[in-house]
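Each chain, letter by letter, is given below.
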Amino acid sequence: RYTLVQANVAGRDLGGFAAEVRRAVEARVRPPAGVFVTYGGAFENQQRAMARLRIVVPLAITLIALLLWASLRSWWLAGLVLVNLPFAAVGGVLALWLRGLHLSVSASIGFIALFGVAVLNGLVLLTTVQRARQAGAAPLDAATDGARERLRPVLMTALVASLGFIPVALSHGTGAEVQRPLATVVIGGLVTSTLLTLLVLPTLYAWIETRLAARAERRRVP
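Because the structure is predicted, anything quoted here is derived from the model rather than measured.

Criteria and cut-off values
Residues numbered from 1 in each chain as written. Predicted model: local features only at pLDDT ≥ 70, side-chain atom pairs only at ≥ 80, totals over all residues. Heavy atoms only, no water. Helix = DSSP H or I, 4+ residues; strand = E, 2+ residues; numbered from the N terminus. Rg over C-alpha atoms; globule rule 2.2 N^0.38 Å. Buried < 20%, exposed > 50% of the residue type's maximum accessible area, 1.4 Å probe, protein only. Phe/Tyr/Trp six-rings, centres within 6.5 Å; stacked < 30°, edge-to-face > 60°. 1 Å grid on protein atoms, 1.4 Å probe; cavity = no way out; pocket = protein on both sides within 12 Å on 5 of 7 lines; lining within 4 Å. Points joined across faces, edges and corners; volume = space filled by probe spheres on them. Nonpolar A, V, L, I, M, F, W, Y, C, P; charged D, E, K, R; others polar. Polar contact = N/O pair within 3.5 Å; in protein donor to acceptor, adjacent residues only side chain to side chain. Contact = heavy atoms within 4.5 Å. Arc of directions from axis to C-beta. Salt bridge = Lys/Arg side-chain N within 4 Å of Asp/Glu carboxyl O.

**Q** Which parts of the structure should I look at to understand the overall build of the protein?
**A** If you tally the helices and strands in the protein, you get eight helices and zero strands. Ordered by position from the N terminus, the helices and strands of the protein form the series α-α-α-α-α-α-α-α. Since a compact globule built from 222 residues should have a radius of gyration of about 17 Å, the 23 Å found for the protein marks it as more spread out than a globular shape. For the protein, the spread of C-alpha atoms along the three principal axes comes to 80 × 45 × 25 Å. In the protein, which comprises 222 residues, the share counted as buried stands at 31%.

This is the structure in structure tokens:
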């Protein structure tokens, strides 16, 4: 036998509401022996999905790092591309906060999609910069010319993804509560990651490559 208590959550995150209910029940209810309380429904599904994402997200980032190394043949260059991920995440979180949305399963999936686009833009830029560097260009010149050459491809990739998600981010129909967080994360994250790709990433590359070149020169000098 069981008694079912249902509630619809609006205006706040499901996990925070369930945690508050759990605390209130534990503080005020003393069930007799053999009686227990379980929390199910959408909250149970969310907890199950989040548990999977705790495995999927680190695995996805690891696979991205391995693919970057396979493409660039350098761990420090792969790490430089992965610097895009925190900046993209900041933009996604900020966009959720500005729109009053909460971190959900769909928003977490949006972060995975966002990381893929951010890494792609960084890889496109660094491949061009590294090619110019191998041709004999100075680190700063290679970074500047590479950023200038890849400006339009990077902007096109970011704009196509962002503009495609705008109708989803503004939707109010059936299923909008699932679609809006995902689209909001992608749009907000692409803004910050694109700025990083075009401005910060070439600067970091030129600075690190200059230091590495200077260190290699000192080692060659007897």
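**Q** What exactly am I supposed to notice about the packing of aromatic side chains here?
**A** The geometry of two aromatic rings is summed up by the distance between their centres and the angle between their planes. Throughout the structure, instances matching the rule amount to three aromatic pairs. With centroids separated by 5.7 Å and ring planes inclined at 20°, the aromatic side chains of W76 and Y205 adopt a geometry described as stacked. Of this pair, W76 sits in helix α3 (residues 75-82) while Y205 sits in helix α8 (residues 176-220), placing them 129 residues apart in sequence. Between F111 and F115 the ring centres are 6.3 Å apart and the planes differ by 45°, which places this aromatic pair in the tilted class.

**Q** Please explain the layout of surface pockets as it appears in this structure.
**A** Any empty space left between atoms is shown by rolling a water-sized probe over those atoms. One number sums up the size of the largest pocket: a volume of about 1,400 Å³. Around the largest pocket, the lining is made up of 38 residues, and of these A7, V9, L14, A42 and F43 lie nearest the centre. Those elements giving two or more residues to the lining of the largest pocket turn out to be α1 (14-28), α2 (42-72), α5 (105-134) and α8. The leading source of residues in the lining of the largest pocket is α1, at five residues. Looking at the lining of the largest pocket residue by residue, the class counts come to 21 nonpolar, 12 polar and five charged.

**Q** So what exactly am I meant to see when it comes to the side chain of R180 here?
**A** Position of R180 relative to the elements: it lies in helix α8. Residue R180 is classed as buried on the basis of its relative accessible area, which comes to 19%. Engagement of the side chain of R180 in a polar contact is seen with the backbone oxygen of S171, the distance being 3.0 Å. In this view, R180 contacts R99, L101, V168, A169, S171 and H172; residues no more than four positions away in its chain are not counted.

**Q** What should I look at first to understand helix α6 (residues 139-149) in this one?
**A** Residue pairs three or four apart in sequence face the same way in an α-helix, which turns once every 3.6 residues. Within α6 the residues assigned to the buried category are P139, A142, A143, G146 and A147. One face of α6 carries all of its buried residues, which in axial projection span an arc of 120°. Looking at α6, the residues exposed on the side facing more than 90 degrees away from the buried face are L140 and R148. Taken together, the buried residues of α6 touch α5, α7 (151-169) and α8.

**Q** I'm lost on the pattern of salt bridges in this one. Help?
**A** One side chain can pair with another of opposite charge once the charged atoms of both are near each other. In the structure shown here, the tally under the stated rule is three salt bridges. Here R133 ties to E209 by a salt bridge, and the two come within 3.1 Å at their closest N and O atoms. Taken together, the residues R133 in helix α5 and E209 in helix α8 connect sequence positions 76 residues apart. With a relative accessible area of 22%, R133 lands in the partly exposed category. D145 is paired through a salt bridge with R148; the nearest N and O atoms lie 3.1 Å apart. Taken as a pair, D145 and R148 lie in helix α6 at a separation of three residues, close to a single helical turn. Residue D145 is classed as partly exposed on the basis of its relative accessible area, which comes to 40%.

**Q** Please explain the environment of D145 as it appears in this structure.
**A** For the pair D145 and G15, spaced 130 residues apart in the sequence, the C-alpha separation amounts to 48 Å. At a separation of 3.1 Å, a polar atom in the side chain of D145 contacts the side chain of R148.

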